[in-house]
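Coordinate inspection notes
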Amino acid sequence: MIDLAKKIEAPATIDITAYAGATEAIRAEAAKLLTEGAVAAVIGYIPGRRNGTAIPAIVTSPEKAQELIFSPACVNNLALYLTRAKKEVKGKGRLAVVAKGCDMRALAGLMGESQLKREDVVIIGVACAGVYGSGADRDAPLAEKNIARKCRECRVHAPEGADVVAGSLPPLPEFSPVEAEELARLEAMTPAARWAFWKEHFSRCIRCMACRSLCPFCYCEQCICDRNRPQAVEATPRPAGNMAWHIVRAMHLAGRCAGCAECERACPMDIPLNLLNRKMARELKELYGHEAGLEPKEKGPLNEYREDDDQSFIK
Amino acid sequence: MSRIGVFVCHCGENISRTVDVERVAQAAARLPGVAYATDYKYMCSDPGQSLLKKAIAEHNLDGVVVAACSPRMHEKTFRKAAEATGLNPFVCEMANIREHCSWVHEDREEATAKAIDIVKLMAARVRRNRRLAAITVPVTKRALVIGGGIAGIQAALDIADAGHEVVLVEREPSIGGHMAQLSETFPTLDCSQCIMTPKMVDVANHPKITLHTYSEIEEVGGYIGNFQVTVRKKARSVDMAKCTGCGVCMAKCPQKKIPNAFDKDMGTRPAIYVPFPQAVPNTPVIDRENCTYFKSGKCGVCAKVCGPCAVDYTQQDELVTEQIGAIVVATGFDLYSIEPKPADSPIQGYGEFGYGTIPDVIDGMTFERLASASGPTGGKILRPSDGKEPKEVVFIQCVGSRAREKGISYCSKICCMYTAKHTMLYKHKVHDGQAYVFFMDARTPGKNYDEFWRRAIEEEEAVYIRGMVSRLYQKGDKVVVMGSDISVGIQVEIEADLVVLATAVQARKGADTLAQKLGISYDKYNFYSEAHAKLKPVECATAGIYLAGACQGPKDIPDTVSQASAAAAKVMTLFAKDQLEREPIVARVNERFCAACFACKKVCPYGAVEEKEIRDRQGNLIRVVASVNPGVCGGCGTCQATCPSKSVELDGYTDEQVMAMIEAL
Ligand SMILES: Cc1cc2nc3c(=O)[nH]c(=O)nc-3n(C[C@H](O)[C@H](O)[C@H](O)COP(=O)(O)OP(=O)(O)OC[C@H]3O[C@@H](n4cnc5c(N)ncnc54)[C@H](O)[C@@H]3O)c2cc1C
Ligand code: SF4
Ligand code: SF4
Ligand code: SF4
Ligand code: SF4
């Protein structure tokens, strides 16, 4: 839990030296697991080729484990590599994965959907104060202008349910709640204005499917959007097909999306995908009291019927 | 299928009155894949079916659309006809242009256009139909009968006599139901116990019948021929195997003052009891709510006095699972009471009759207990308040029944007859007494029924007053009955010693919960629904489940027994086969694309989805996918709607077919 008092007194920037401690702890834990043979590989981050970047890596030896890092550049959600579809990864054997609080939620979701068994994975949680937003200045310390949007209102800085937690949290400043404001603006719109808003955004979609490739929950072996017998969703980037794709995406992720915002980060067209995800999450919370990824669930709210379900929306 | 034949039926005038069937046939002939189209007056008739068969042969058809009534009505008929020509029956489909079109529309132009659209849809579907093979499943030749009233007893005996095993589950400590409570029965006035008890004993002694009393249905799974039923055997606190039925425990139990529900609370019973002396089984149960031992840990007298040490306070509820092929539901009825009802109930009580607070206003079943030789008064008619013999008794019919303002609009069917019976029983016991009956009209169809009613008036001198009672109230030791006699148009007031209400027959409390476990439907009054009011009066719409007795609607004993035997006959018909053919409309998983999320498994209401391991030749596990057990799948399509990647589809309703149907419009 975040200490609120600490948060208020805290400076407006995050002291990123705390990340060095996390790096040390991850390296030590990874090396230990690999030496003991407890896992066949550790999925973590190593430095990217450009300065101030990090990329996902799968390390299989204690020596290689010394290259692992944790920094505000470690944006990727590594849960992606643990779905069944990633056979080459899972084929290696028992795995360890480095997971931020938001990534933990995706792991819990995958466990609830039979993609992953808790006993098959060692989770190295990291205390994460935040990561860089896309296109952010990576030389400056983490602050209001370069922290990722999702990190501003994050409630899972300290991951729960991990096997070990690497690092500790520096004092956390208060950031302006842009995500909440954005959602409030969306909800204040008339249905017609909201439809126009999304139509405009979706019309720009080039159907590169980067959002789908990065989403840990888009693990289907064949997406319904790629089917052609019958074709459910037009494949070319034209308005009708785009709208259909985005409705399918929103509905298929409703109640499952862990809020890692990887889709939004990946989108070359700057479509506010996570805004839609958050709107869907809010609906499910209000209707069914459901929040995705807090624990592995047997059935999501959209797969279940209970007599006391709120049905007032059926008019 | 590329050579489809379309056959448009007039259904006499049922369809052709509003739909231009000729035009529908002409339009059908031009549809892609359709090789032949025609119309005919009665497709289901013998000449109609011959026409279909001839056309299949002559035009070398490979698919059939019959545009006629609901598939529920005749799909089987036409599939059989198509099969007789060598065609796969599942490439023959019906387009419903009767219920979905001619019956619900008036405008001929529009109805015709809609009928053409419906035919278009089905032709598009048949074009993409696959030739399916029927699925056979084994039949477990073991029946479950729920409820041990006369209905359940009769059904169980019939099925067991045919040589099949029967499991009879009764909620109460003894079988018998309402009939065990009756004194004498119309229309012959034979003693109810005398004709009932031998049948109860037959049940207990029948080698093919397993009797679970004091038991309830916990869970029902599976499907026709293959149900799995879990029965909760409530803790009796007496070991059935050891108890000899000597009754010492009951005699010695110090708790003696518990109202006896079997006697409508007029007599009392001990805390360890059998509901009535002829109970089957004759093994007592401990009513734990009223037993001193269970309330305070003291006492234990029954255990001390029991010779064979059968009393067991530590007994727990026990769950037994039975493999069952067919189910007969015979849970009977409850009687309406005039007490106030909860505010949200659609059914009301009778404030004008004192809401059940006047002691000498009783219901018909209470009167039965008074008149019964084994009842609390030993068969003397004595009123509850002061035990005096009533000299003027008023019977009121249709209390609750046919009273829309009270929330029940149906006729309870048995009350006219049992009230006539009550006036006679009363006259036989109180020779100088006078019976009055307020009635709306007498409904006495049935063999010797009207004669019976006339006898009550003509020979036993009951006074029948056609009219309603507006108020009942206590005055001194009398109950004042204020009513009207509409045949002469006057108000009547009678100071009665006893008033007997013929209260409505209602569905059992909790009938809906049991129905939900069984997956059968019920009407707004919670009576169980038959599959067809005329042609399938004992079958439920759910295959393999049958109805007997008053759980389906108010019924007297002759009707109940007939229906019970009919239900038994249906079970025997089912058990005459070793294998059951069922429609192959089942889900199929595309294993190549299944992502193993098992959303389908979570939502399947039939528990048909299993996890299947795919291994290579060396036996290494490659992956796990979903797999549907075709014997269990109910063909509901829930999995298909749920699967995010559409890797599971229902045969006959694939996405490809459904999309083609939509596109055909
Ligand atoms: C006052 C009165 C007088 C009548 N007089 C006559 C007459 O003279 N002649 C005549 O022909 N008919 C008469 N009847 C009608 C007769 O009582 C019924 O026709 C007959 O009892 C119907 O039998 P049944 O087996 O369907 O129902 P019931 O007798 O109600 O038996 C149902 C049985 O199922 C059991 N049960 C209920 N729910 C469950 C459950 N969930 N699980 C397990 N067991 C369950 C009950 O405990 C009961 O034993 C009279 C009815 C009344 C009310
Ligand atoms: S990443 Fe953006 S552009 Fe690409 S498919 Fe997704 S929404 Fe469309
Ligand atoms: S049987 Fe007779 S008394 Fe009973 S409800 Fe019907 S009409 Fe009324
Ligand atoms: S829902 Fe679809 S993808 Fe998931 S297990 Fe079932 S068939 Fe496979
Ligand atoms: S259609 Fe699917 S959900 Fe329905 S019973 Fe069959 S397998 Fe289960």
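No experiment lies behind these values; they were computed from the predicted model shown.

Thresholds, definitions, all that
- Residues numbered from 1 in each chain as written.
- Chains lettered and ligands numbered in written order.
- Predicted model: local features only at pLDDT ≥ 70, side-chain atom pairs only at ≥ 80, totals over all residues.
- Heavy atoms only, no water.
- Helix = DSSP H or I, 4+ residues; strand = E, 2+ residues; numbered from the N terminus.
- Buried < 20%, exposed > 50% of the residue type's maximum accessible area, 1.4 Å probe, protein only.
- Contact = heavy atoms within 4.5 Å.
- Areas by Shrake-Rupley, 256 points an atom, 1.4 Å probe, with all protein chains shown as cover.
- Lys, Arg positive; Asp, Glu negative; His and termini not counted.
- Charge placed at Lys NZ, Arg CZ, Asp CG, Glu CD.
- Expected span 1.5 Å × (residues − 1).
- Near = heavy atom within 4 Å.
- Polar contact = N/O pair within 3.5 Å; in protein donor to acceptor, adjacent residues only side chain to side chain.
- Axes fitted to C-alpha atoms, helices over the stretch in contact; angles between N-to-C directions.
- Parallel < 35°, antiparallel > 145°, perpendicular 65-115°, else oblique.
- Nonpolar A, V, L, I, M, F, W, Y, C, P; charged D, E, K, R; others polar.
- Pairing = 2+ DSSP bridges.
- Domains from an automatic or database assignment.
- Buried area = accessible area lost by both parts, 1.4 Å probe.
- Salt bridge = Lys/Arg side-chain N within 4 Å of Asp/Glu carboxyl O.

**Overview of the overall build of chain B**
- What chain B contains, in helices and strands, is 18 helices and 34 strands.
- Seen through its principal axes, chain B has C-alpha atoms that stretch 85 × 75 × 45 Å.
- The buried share of chain B, taken over its 665 residues, is 54%.
- The long-range fraction of contacts in chain B, counting pairs at least 24 apart against all pairs at least 6 apart in sequence, stands at 69%.
- Here chain B has roughly 29,200 Å² of accessible surface; of this, 51% comes from carbon and sulfur atoms.
- Distance between charge centres in chain B, computed from 79 positive and 79 negative side chains, equals 4 Å.

**Comments concerning helix α6 (residues 150-161) of chain B**
Residues and elements named next belong to chain B.
- For α6, built from 12 residues, the straight-helix expectation of 16 Å at 1.5 Å per residue is met to within 8% by its first-to-last C-alpha distance of 16 Å.
- Summarising burial for α6: 10 of the 12 residues are buried, a large majority.
- Burial in α6 covers these residues: Ile 150, Ala 151, Gly 152, Ile 153, Gln 154, Ala 155, Ala 156, Leu 157, Ile 159 and Ala 160.
- Buried residues along α6 sit against β6 (142-146), β7 (165-169), α7 (192-205), β10 (209-212), β18 (326-329) and α15 (557-575).
- Positive backbone phi, approximately 100 degrees, marks Gly 163, located one or two places after α6.

**What to know about the environment of Val 75 of chain A**
Residues and elements named next belong to chain A.
- Looking at the secondary structure, you find Val 75 in the loop between α3 (62-65) and α4 (87-90).
- Spatially, the C-alpha atom of Val 75 lies 9.3 Å from that of Tyr 45, the residues being 30 residues apart in sequence.
- Here Val 75 is in contact with Tyr 45, Lys 100, Val 131, Tyr 132, Lys 150, Glu 262 and Arg 265, once residues within four sequence places are set aside.

**Here we look at the site of ligand 1**
All names here are of chain B.
- Contacts to ligand 1 come from 36 residues, most closely from Glu 170, His 178, Lys 421, Lys 555 and Ile 557.
- One of the side-chain nitrogen or oxygen atoms of His 178 is found 2.7 Å away from an oxygen atom of ligand 1.
- Interatomic distance of 3.5 Å between a backbone N/O atom of Asp 556 and an oxygen atom of ligand 1.
- In isolation ligand 1 has 990 Å² of accessible area, and contact with the protein removes 98% of it.

**Describing the packing of helix α7 (residues 178-188) of chain A against helix α12 (residues 273-288) of chain A**
Residues and elements named next belong to chain A.
- In contact at an axis separation of 10 Å, α7 and α12 are set at 75 degrees when each is read in the N-to-C sense. When the interaxial angle is binned, α7 and α12 end up roughly perpendicular. Together, Glu 179, Ala 180, Glu 182, Leu 183, Leu 186 and Glu 187 of α7 and Asn 274, Leu 275, Arg 278, Lys 279 and Arg 282 of α12 make up the contact between the two elements.
- Along the lines of polarity and charge, the residues of the contact of α7 with α12 split into 4 nonpolar, 1 polar and 6 charged.

**Here we look at the site of ligand 4**
- All residues adjacent to ligand 4 are Cys 594, Ala 595, Ala 596, Cys 597, Phe 598, Cys 600, Ala 626, Cys 643, Ser 645, Ser 647 and Val 648 of chain B.
- Within the shell around ligand 4, the residues separate by chemical class into 9 nonpolar, 2 polar and no charged.

**Let's talk about the pairing of strand β1 (residues 4-9) of chain B**
All names here are of chain B.
- Counting buried positions over the 6 residues of β1 gives 6, a clear majority of the element.
- Of the two faces of β1, the one holding Ile 4, Val 6 and Val 8 and the one holding Gly 5, Phe 7 and Cys 9 are both buried throughout.
- Where β1 and strand β2 (residues 34-40) come together, 6 bridges link them in parallel fashion. Looking at the pairing, Phe 7 lines up with Thr 38 of β2.

**Considerations on the domain arrangement of chain A**
Residues and elements named next belong to chain A.
- Domain parsing of chain A yields domain 1 (7-173) and domain 2 (178-294).
- Computed over C-alpha atoms, the centres of domain 1 and domain 2 are 25 Å apart.
- Carbon and sulfur atoms make up 51% of the surface buried where domain 1 meets domain 2, a total of about 2,000 Å² over both sides.
- Our count for the contact surface shared by domain 1 and domain 2 stands at 4 salt bridges.

**Notes on the sheet that holds β2 of chain B**
Residues and elements named next belong to chain B.
- Judged by pairing direction, the sheet is parallel, and its 4 strands sit side by side in the order β2-β1-β3-β4 without closing on themselves. Edge positions in the open sheet fall to β2 and β4 (92-96), since each of these has one partner strand only. Strand-to-strand twist across the sheet, computed as the mean angle between neighbouring axes with direction ignored, equals 20 degrees.
- The sheet contact formed by strand β3 (residues 63-68) and β4 spans 5 bridges and is parallel. If you follow Ala 68 over to β4, its bridge partner there is Asn 96.
- The sheet strands contacting helix α1 (residues 21-29) are β1 and β2, and the helix crosses β2 at an angle near 175 degrees.

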